[in-house]
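Residues per chain are reported as follows:
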Amino acid sequence: MEGHVKDFIMRIKPKDMQVHDNLAVIPLCMDGNGGPSYLTLKEALEKGALTVKEVSEGGTVPELKVINKGDIAVLLLDGEELAGAKQNRVLNTTVLVAAESEIIIPVSCTEHGRWSYTSSEFRDSDVIMAYNIKRKKARSVMRNVRESGRYASDQSEVWDDIQAMSGNAKVHSDTGAMKDVFESKEKELDDYLKSINIIPDQKGMMVMINGVLLGFDILSSVSAYKVLHPKLLKSVAIEALLDRKKKAIVPLAAIAKGFLENITSCEYTMHKSVGLGFDYRFEGTEKVGSALVHEDKVVHMAFFILAESEKIGKMSGFRQRRGYRTR
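In short, a report on the structure. (Residues numbered from 1 in each chain as written. Predicted model: local features only at pLDDT ≥ 70, side-chain atom pairs only at ≥ 80, totals over all residues. Heavy atoms only, no water.)

### Overview of the packing of helix H3 (residues 131-148) against helix H4 (residues 155-169)
Short version of the rule: Here the axes come from fitting lines to C-alpha atoms, over the contacting stretch only for helices, and the angles between their N-to-C directions go from 0 to 180 degrees. Think of it this way: any DSSP run of H or I at least four residues long counts as a helix, any run of E at least two long counts as a strand, and we number them from the N terminus. What sets the label is the angle itself: under 35 degrees gives roughly parallel, over 145 gives roughly antiparallel, 65 to 115 gives roughly perpendicular, and the rest give oblique. Every residue pair with non-hydrogen atoms within 4.5 Å of one another is taken to be in contact. Each residue receives one of three labels: charged for Asp, Glu, Lys and Arg, nonpolar for Ala, Val, Leu, Ile, Met, Phe, Trp, Tyr, Cys and Pro, and polar for the others, Gly being one of them.
H4 packs onto H3 with a crossing angle of 170° between their chain directions and a minimal axis gap of 10 Å. Taken together, H3 and H4 sit at an angle that is classed as roughly antiparallel. Here H3 contributes Ile133, Lys136 and Ser140 to the contact with H4, which in turn contributes Glu157, Asp161, Ile162 and Met165. Here the contact of H3 with H4 is composed, by residue class, of three nonpolar, one polar and three charged.

Structure below.
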């Protein structure tokens, strides 16, 4: 692992664990790091500095056009959902959009049953893809970017997973929209938001459900994380709501440091991002991760613990096995 990325990981500081029901969260902080200045998607849209639309009048499912009219970069986070236009989409990877620029971003559809305009432009849906679906999407994107250089997901798998989540939540959506599941659980999700609080200087979170460690997200900016905290928390809280089991919360802080040290041994590949910087993809026997790095500074990093059936060495279909690396 390159020095600046390893140094970033080793400077992450886990703080005191917070628990609500079967979800445990440990805030992540860090001294320094620096990095570029940027706005979040929510901030840029509210300021009118960013426009997101279909690539053409006819549109195409896996791509959207982003126009940054502002004088500062904008960060679009992996899994962040955009609502409107011909169908709702989520980012396939974290993208830093340069000031005064126009780019095409890779996305996945999260609303299978609609392909008609509800608006000319997209708005912030206030949702990040449910955590376990985002994990599986991260694996398929990693395979595709390594094999073909394309930040493409397995769209059929995304649709299947959203349908399964909707069924588990007993939510019927006329258009199969992931957002409808979140909206149906708004009251319960608010309980998590009220119980798990952001702390001063927080830049990320490590999460556990039913005593099982899932992974973490961390950003370079305290102010950006503050904006994204509710979205990131809801992304994992929806999973906790739909997978309530006998509580088995263990001291997450006791294992956080060891997990962070362990991921520094992951194999990695580096790819040019569709926006500013480089996209790093990490893989180990039980985990996958990514990091957006610009000018040798980590802007966003996420790691996921793989489900038992996804771990390297387990039997799986050809479509999954062909992308595995050995570690």
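After presenting the structure, the write-up continues.
### A look at the packing of H3 against helix H7 (residues 222-241)
Closest axis-to-axis distance for the H3/H7 pair is 7 Å, and the angle between their directions is 105°. Comparing their axes, H7 and H3 come out roughly perpendicular. Two secondary-structure elements touch here, H3 through Tyr131, Asn132, Ile133 and Lys134 and H7 through Leu232, Ser235, Val236 and Glu239. Here the contact of H3 with H7 is composed, by residue class, of four nonpolar, two polar and two charged.

### What to know about unusual backbone geometry
Notably, Glu100 is not glycine yet its phi reads approximately 50°, a positive angle. Note that Glu100 resides in the loop between strand E10 (95-97) and strand E11 (101-109).

### Let's talk about the sheet that holds E11
Applied cut-off: Strands are labelled as partners when DSSP assigns at least two bridges between them.
With antiparallel pairing, the six strands of this open sheet are ordered in space as E5-E6-E11-E9-E8-E12. Of all the strands in the sheet, just strand E5 (50-54) and strand E12 (122-128) have a single pairing partner and so form its edges. Within this sheet the neighbouring strands show an average axis-to-axis angle of 40°, counted without direction. As defined by bridge partners, strand E9 (residues 89-91) adjoins E11 across three bridges and the pair is classed as antiparallel.

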